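# Secondary and tertiary structure notes
Each chain is listed here by its residues.
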Amino acid sequence: MKDKTKSTDECCACSEKHKERSPEEYRDLMNRLSRIEGQVRGIKAMVERGAYCPDILVQTSAVNSALNSFSKVLLSNHIRTCVRNDIKDGNDEVVEELVATLQKMMK
């Protein structure tokens, strides 16, 4: 019988590839995500207490900006590590993967 629990390495629609991150990179990404999570909880609380729409929209914009910043950092790290290493190793397919990823991000 198959184990139906997912490991922490699995996620929906993810590739089978994994990346070892430096402790600094991991800490930076996790700190950014924790701040974003806190901002989203703050927006939820604003809705629950009936905050004025423009106030919520300003906070929503801040979350979008934080997510964009997270994505830029992650993309930059990816290009400097994974993409660079794959190209050095002769795996030019990584360029097509990067192009496809950028196209999905820009929808």
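This is a predicted model, so every value here is computed, not measured.

## Description of the overall build of the chain
- Of the regular secondary structure elements, the chain holds 3 helices and 0 strands.
- Counted from the first residue to the last, the chain has its helices and strands arranged as α-α-α.
- Across the 107 residues of the chain, 13% fall into the buried class.

## With respect to the pattern of salt bridges
- What the rule picks out here adds up to 5 salt bridges.
- For Lys17, the salt bridge goes to Glu97, with nearest N and O atoms at 3.1 Å. Of this pair, Lys17 sits in the segment before α1 (23-48) while Glu97 is found in helix α3 (residues 93-105), placing the two residues 80 residues apart along the sequence.
- The class of Lys17 is exposed, set by a relative accessible area of 51%.
- The exposure class of Glu97 is partly exposed, given its relative accessible area of 31%.

## Overview of the nonpolar core
- Formed by Leu29, Ile36, Ile43, Met46, Ile56, Val63, Phe70 and Val73, the largest nonpolar core amounts to 8 residues.
- Going through the elements one at a time, α1 and α2 (53-88) are the ones with two or more residues in this core.
- Leave out the neighbours within four places in its chain, and Met46 touches Ala51, Asp55, Ile56 and Gln59.

## Things to note about α2
- Given a rise of 1.5 Å per residue, 36 residues ought to cover 52 Å, and the 51 Å separating the end C-alpha atoms of α2 matches this to within 8%.
- At Ile79, α2 is bent by approximately 35°, the largest bend along its length.
- Residues of α2 that are buried include every one of Ile56, Val63, Phe70, Val73, Asn77 and Val83, and no others.
- Of the surrounding secondary structure, the elements contacted by the buried residues of α2 are α1 and α3.
- Of the residues flanking the end of α2, it is Gly90, one or two places downstream, whose phi is positive at about 85°.

Parameters and conventions
Residues numbered from 1 in each chain as written. Predicted model: local features only at pLDDT ≥ 70, side-chain atom pairs only at ≥ 80, totals over all residues. Heavy atoms only, no water. Helix = DSSP H or I, 4+ residues; strand = E, 2+ residues; numbered from the N terminus. Buried < 20%, exposed > 50% of the residue type's maximum accessible area, 1.4 Å probe, protein only. Salt bridge = Lys/Arg side-chain N within 4 Å of Asp/Glu carboxyl O. Core = buried A, V, L, I, M, F, W, Y, C linked by side-chain atoms within 4.5 Å. Contact = heavy atoms within 4.5 Å. Expected span 1.5 Å × (residues − 1). Bend = angle between axes of the 7 residues up to and from the residue.

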